[in-house]
Amino acid sequence: MTADVDVVVVGLGPGGEALATGLARAGLEVAAVDERLVGGECPYYGCVPTKMMVRAADVLAESRRVPDLAGRSSQTPAWDPVARRIRDEATDDWDDTAAVKRLEDAGVRFVRGHGRLAGERIVDVEGTVLQARRGVVLNTGTTPALPPVDGLADTPYWTNRDAVRAERLPESMAVIGGGAIGVELAQAFARFGVRVTVLEVADRILSPEEPESSALVGGVFAREGIEVRAGVRIGSVAHDGHRFAVRVGEQSIEAERLLVAAGRRPNLPDVGLETVGLDPGARSVPVDERMRAAEGLWAIGDITGKGAFTHMSMYQAGVAQRDILGQDGPPASYHAVPRVTFTDPEVGSVGMTEQQARDAGLTVRVGLTDLTASTRGWIHMAGNEGLVKLVEDADRGVLVGATSAGPTGGEVLSMLTTAVHAAVPTATLRSMIYAYPTFHRAVEDALSRLA
Ligand SMILES: Cc1cc2nc3c(=O)[nH]c(=O)nc-3n(C[C@H](O)[C@H](O)[C@H](O)COP(=O)(O)OP(=O)(O)OC[C@H]3O[C@@H](n4cnc5c(N)ncnc54)[C@H](O)[C@@H]3O)c2cc1C
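Okay, so let's go over this structure. (Residues numbered from 1 in each chain as written. Predicted model: local features only at pLDDT ≥ 70, side-chain atom pairs only at ≥ 80, totals over all residues.)

At a closest axis distance of 8 Å, the pairing of helix α1 (residues 14-25) and helix α10 (residues 310-324) adopts a crossing angle of 30°. For the element pair α1 / α10, the angle class is roughly parallel. You can see that α1 and α10 cross each other, and the crossing is right-handed. The residues of α10 that touch α1, namely those facing Pro14, Gly15, Ala18, Leu19, Gly22 and Leu23, are Thr310, Ser313, Met314, Gln316, Ala317, Ala320, Gln321 and Ile324. The residue makeup of the contact of α1 with α10, split by class, is eight nonpolar, six polar and no charged. (Axes fitted to C-alpha atoms, helices over the stretch in contact; angles between N-to-C directions. Helix = DSSP H or I, 4+ residues; strand = E, 2+ residues; numbered from the N terminus. Parallel < 35°, antiparallel > 145°, perpendicular 65-115°, else oblique. Left-handed = near helix turned anticlockwise from the far one by under 90°. Contact = placed C-beta atoms within 7 Å. Nonpolar A, V, L, I, M, F, W, Y, C, P; charged D, E, K, R; others polar.)

In structure tokens:
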């Protein structure tokens, strides 16, 4: 069967879903293809269910702070409300009927199945051939990656996709990977009473972030009883039918569950990139500032390698939509990409780290301040750990990167993202009035320390 449409969107992660809907609302004939769930990783296995876990775990942590501040509290953590909320509210029991209806109500023709490019502007979905007059958009996203560890593939390990479906918590868990996903899940499970060990190959957890952020989260983890082993080499993994044994050097770490959070693999090897002259073995699809990857082909989301975030997928969808519709608008720019690791303290950051700025040859000045020393941090007391770190290009007198970690680190980040995005002069930031006593006042202190 063959069908002619204006645009075919292959893969309906957050950006693909928004783009297909937006193009259809603008009057184009759109076909949208997904082999799994419409909406992609974020609503069913990523951002939304994991942040529901984090929210519940944070409530427990706050109630444990009551004795320091407000009397006595007792609690009996239970996982059932979290599992129920994820199943019923976040994912509709991993059913995308409502999302498909939203697409179809917007006028999109939805095709379930594996989409593959079969030449310029042609997509083959398991025998159904979709011919696109304007072009094809790829938004095929990523899959959890499995590190090449002896024995691991033969064990019943978990990835994020299993962790968010957990109906019952294990008594212990080893986590391979101390990146954002690994540390968020490690802390959430630990706060519900799971004994957690995080194993990280790099010499620190959250290695893409500032070293101060890694130390901050590592310190909180130690106080909460989460064991972190950084700089380790994992020799092998075995499962005896009941428990995992993870070989690290001479030691064996035993746990009831093993969560693998060791990066993501782009869904690119089987999408027919070679039929349009692109490398099917590449880790990402190179795109220009309008998200064009080849003649009649756009790519958006994690597969572009510009940052694996839902907000990136949505941002790039907007850029691609304007290009496909022939509308004016700013081209894609990546100098102020914000990201938040939703641990407690939350680690928000934007733009370059200090090291990246130095490696780029900039004349760097850094301002660092400790949130516990701020008035709001002191008032907040229990759970007040945090910091603000600013990275200035001293020649231009603008911030090129910033970190805000703390109880509301991801929210304080908004003003820093504005500053980096709009290249607001640091002199202007210094002349602002900062409300007292807020966490964001620490930004003013960090500015005064730029050196
Ligand atoms: C545990 C976890 C937590 C996260 N938390 C956050 C967070 O807090 N904030 C944040 O911004 N980001 C977060 N992310 C990242 C976020 O989920 C992704 O960046 C986001 O989903 C955007 O991905 P995408 O649009 O590239 O595609 P995806 O969401 O990966 O979707 C791709 C879609 O394409 C489909 N597909 C793939 N190949 C084909 C094919 N050949 N044919 C048809 N369909 C195909 C898949 O079935 C899927 O539905 C998290 C990720 C994980 C795993």
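Structure shown, so let's carry the discussion forward.
Take the site of the ligand next. Close to the ligand lie 38 residues; Gly11, Gly13, Gly40, Gly141 and Gly301 are nearest. Broken down by secondary-structure element, the contributors of at least two residues to the shell around the ligand are α1, β2 (30-34), α2 (41-45), α3 (47-64) and α10. The residue inventory of the shell around the ligand, partitioned by class, reads 14 nonpolar, 18 polar and six charged. (Near = placed C-beta within 6 Å.)

The periodicity of an α-helix, 3.6 residues per turn, causes residues three or four places apart in sequence to face the same way. Taking 1.5 Å per residue, 12 residues should reach 16 Å; α1 reaches 17 Å between its end C-alpha atoms and fits that length. With 10 of 12 residues buried, α1 is to be regarded as a mostly interior element. Among all positions in α1, only Pro14, Gly15, Gly16, Glu17, Leu19, Ala20, Thr21, Gly22, Leu23 and Ala24 are buried. Check the buried side of α1 and you find it contacts β1 (2-10), β2, α2, α6 (97-105), β6 (128-138) and α10. (Expected span 1.5 Å × (residues − 1). Buried ≥ 20, exposed ≤ 12 C-beta atoms within 10 Å, placed from the backbone.)

With five of its six residues buried, strand β9 (residues 195-200) lies for the most part within the structure. The pairing of strand β8 (residues 172-176) with β9 spans five bridges and is classified as parallel. Of the residues in β9, the one forming a bridge with valine 175 is valine 198. Assessed by its sense of winding, the connection that carries the chain from β8 through helix α8 (residues 180-191) to β9 is right-handed. For β9 and strand β10 (residues 227-230), the ladder comprises four bridges, and the chain directions are parallel. Its bridge partner lying in β10, glutamate 200 is registered against alanine 230. One crossover worth recording links β9 to the parallel β10 by way of helix α9 (residues 211-224), and it is right-handed. (Pairing = 2+ DSSP bridges. Right-handed = clockwise from strand over helix to strand, strands pointing away.)

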